[in-house]
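The primary structure of each chain is shown beneath.
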Amino acid sequence: MLFEILTLFPEAVKGYLETSILARAQRAGLVEARLTNIRDFARDKHQTADDRPFGGGQGMVMKPGPLCAAIRSVLPGRVILTSPRGRPFDQAKAEELVRLDKLILVCGRYEGVDQRVIDLLVDEEISVGDYVLTGGELAALTILDATSRLLPGVLGSQDSSQEESFGDGLLEYPHYTRPRLFEGRAVPEALLSGDHQRIRDWRRRESLRLTLLRRPELLERAQLSQRDRDWLAEMAAGLEAGREPGR
Ligand SMILES: C[S@@+](CC[C@H](N)C(=O)[O-])C[C@H]1O[C@@H](n2cnc3c(N)ncnc32)[C@H](O)[C@@H]1O
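How each quantity is defined
- Residues numbered from 1 in each chain as written.
- Predicted model: local features only at pLDDT ≥ 70, side-chain atom pairs only at ≥ 80, totals over all residues.
- Heavy atoms only, no water.
- Axes fitted to C-alpha atoms, helices over the stretch in contact; angles between N-to-C directions.
- Helix = DSSP H or I, 4+ residues; strand = E, 2+ residues; numbered from the N terminus.
- Parallel < 35°, antiparallel > 145°, perpendicular 65-115°, else oblique.
- Left-handed = near helix turned anticlockwise from the far one by under 90°.
- Contact = heavy atoms within 4.5 Å.
- Nonpolar A, V, L, I, M, F, W, Y, C, P; charged D, E, K, R; others polar.
- Buried < 20%, exposed > 50% of the residue type's maximum accessible area, 1.4 Å probe, protein only.
- Lys, Arg positive; Asp, Glu negative; His and termini not counted.
- Salt bridge = Lys/Arg side-chain N within 4 Å of Asp/Glu carboxyl O.
- Polar contact = N/O pair within 3.5 Å; in protein donor to acceptor, adjacent residues only side chain to side chain.
- Near = heavy atom within 4 Å.
- Areas by Shrake-Rupley, 256 points an atom, 1.4 Å probe, with all protein chains shown as cover.
- Pairing = 2+ DSSP bridges.

Look at helix α8 (residues 196–214) against helix α9 (residues 226–240): their axes get within 10 Å of each other, and the N-to-C directions meet at 50°. The angle between α8 and α9 places the two elements in the oblique class. Two packed elements cross with a definite hand, and for α8 against α9 that hand is right-handed. Contacts between α8 and α9 involve Q197, D201, R204, R205, L208, R209, L212 and L213 from the first element and R227, D228, W231, L232, E234, M235, A236 and L239 from the second. Taken together, the residues of the contact of α8 with α9 sort by class into eight nonpolar, one polar and seven charged.

Before going further, it helps to examine the side chain of K102. Residue position: K102 is located in strand β6 (residues 102–106). Buried charge without a partner: K102 forms no salt bridge, and the closest opposite charge is E4, 4.4 Å away. Reaching out from K102, the side chain makes a polar contact with the backbone oxygen of V74 at a distance of 2.5 Å. In terms of polar contacts, K102 uses its side chain to reach the backbone carbonyl oxygen of P76, at 2.8 Å. The residues touching K102, leaving out its near neighbours within four places in the chain, are L2, E4, V74, L75, P76, G77 and R78.

Bringing the site of the ligand into the picture now. Looking at the ligand, there are 19 residues lining it, with T82, G108, E111, Y131 and L133 nearest. Contact distances for the ligand include 2.7 Å between an oxygen atom and a backbone N or O atom of T82. In this structure, Y131 approaches the ligand through a main-chain N or O atom, which is 2.8 Å from a nitrogen atom. Notes on the ligand: free accessible area 580 Å², of which the protein chains cover 83%. Broken down by secondary-structure element, the contributors of at least two residues to the shell around the ligand are β5 (78–88) and β7 (124–127). Ranked by residues supplied to the shell around the ligand, first place goes to β5 with three residues. Residue composition of the shell around the ligand, grouped by class: eight nonpolar, nine polar and two charged.

Here we have five strands laid out as an open sheet, ordered β2-β1-β6-β5-β7, and parallel in their pairing. Here the strands that pair on one side only, and so sit at the sheet edges, are β2 (32–37) and β7. On average, each strand axis in the sheet is tilted by 35° relative to the strand beside it, whichever way the strands run. Strand direction decides the pairing type here: strand β1 (residues 2–7) and β2, joined by six bridges, are parallel. Looking across to β2, one finds that L6 is bridged to T36.

Where a strand is regular, its side chains alternate between the two sheet faces. In terms of burial, β6 is a largely internal element, five of the five residues being buried. Of the two faces of β6, the one carrying K102, I104 and V106 and the one carrying L103 and L105 are both buried. Note that β1 and β6 share five bridges and pair parallel. Counterpart to F3 in the pairing with β6 is L103. With four bridges connecting them, β5 and β6 associate as parallel partners. By the bridge assignment, R78 is partnered in β6 with L103.

The subject of this paragraph is the pattern of salt bridges. One pass over the structure, following the stated rule, counts 19 salt bridges. A salt bridge links D51 to K63; the shortest N-O distance between them is 3.9 Å. Taken together, the residues span a long stretch of sequence, with D51 in strand β3 (residues 50–51) and K63 in the loop between β4 (61–62) and α3 (64–74) at a distance of twelve residues. By relative accessible area, which is 35% here, D51 ends up partly exposed.

Structural data, given as structure tokens:
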């Protein structure tokens, strides 16, 4: 899968792409990430990529000329503008995007981009959360990272994405590794039991417990068995009685 990242600050993106799983995926030819500096498409001698907003107000706006030329230089492909005004990014969106061969991720800066760029060339605006970042680079990397790790072969079998948070609509259970006792805290006994069914049950209950406590709205869409529902009812009753559902 090819990711074209358009940015005024390629150096802010480069290091992450050259690290760990993403670097390995690129070496293996599963992911290709290309960086384009939008400033290279500015025609004036100062390579100006931003200007003051019409109508006044604070801050600068990314000029349409250089940005449109930069996008056109990497077309065709789905053009995504990172923006706090966009639709929220989530696992379902990553699963939708991974079906495409090519994504063009546009990183905004300053107050954002001239609206005509959006009207002319952007297919979709995506937000990574209800907060304002300084620039779209972290948002583009978030989209690239969450999407590319769903490509077959990108994660080794050790890092499988199948049992992760959101995989089945729930948050993931807690993890433990050696030592068995750390600063007075022991690994939950079920995980040491060697009883696979007991381990599965413990993990499932923990997923349900954490989801109930932290993201109860996810339970409405999660795939739940009758036993899951019974456990949840038990935990919810405990919560109502003022007890945090225990492990
Ligand atoms: C300082 S922000 C601009 C914020 C804009 N003036 C507003 O109030 O909506 C600069 C750039 O960072 C990126 N950005 C900031 N927050 C983001 C978010 N939550 N999700 C995606 N991109 C974001 C966008 O590309 C945006 O154009």
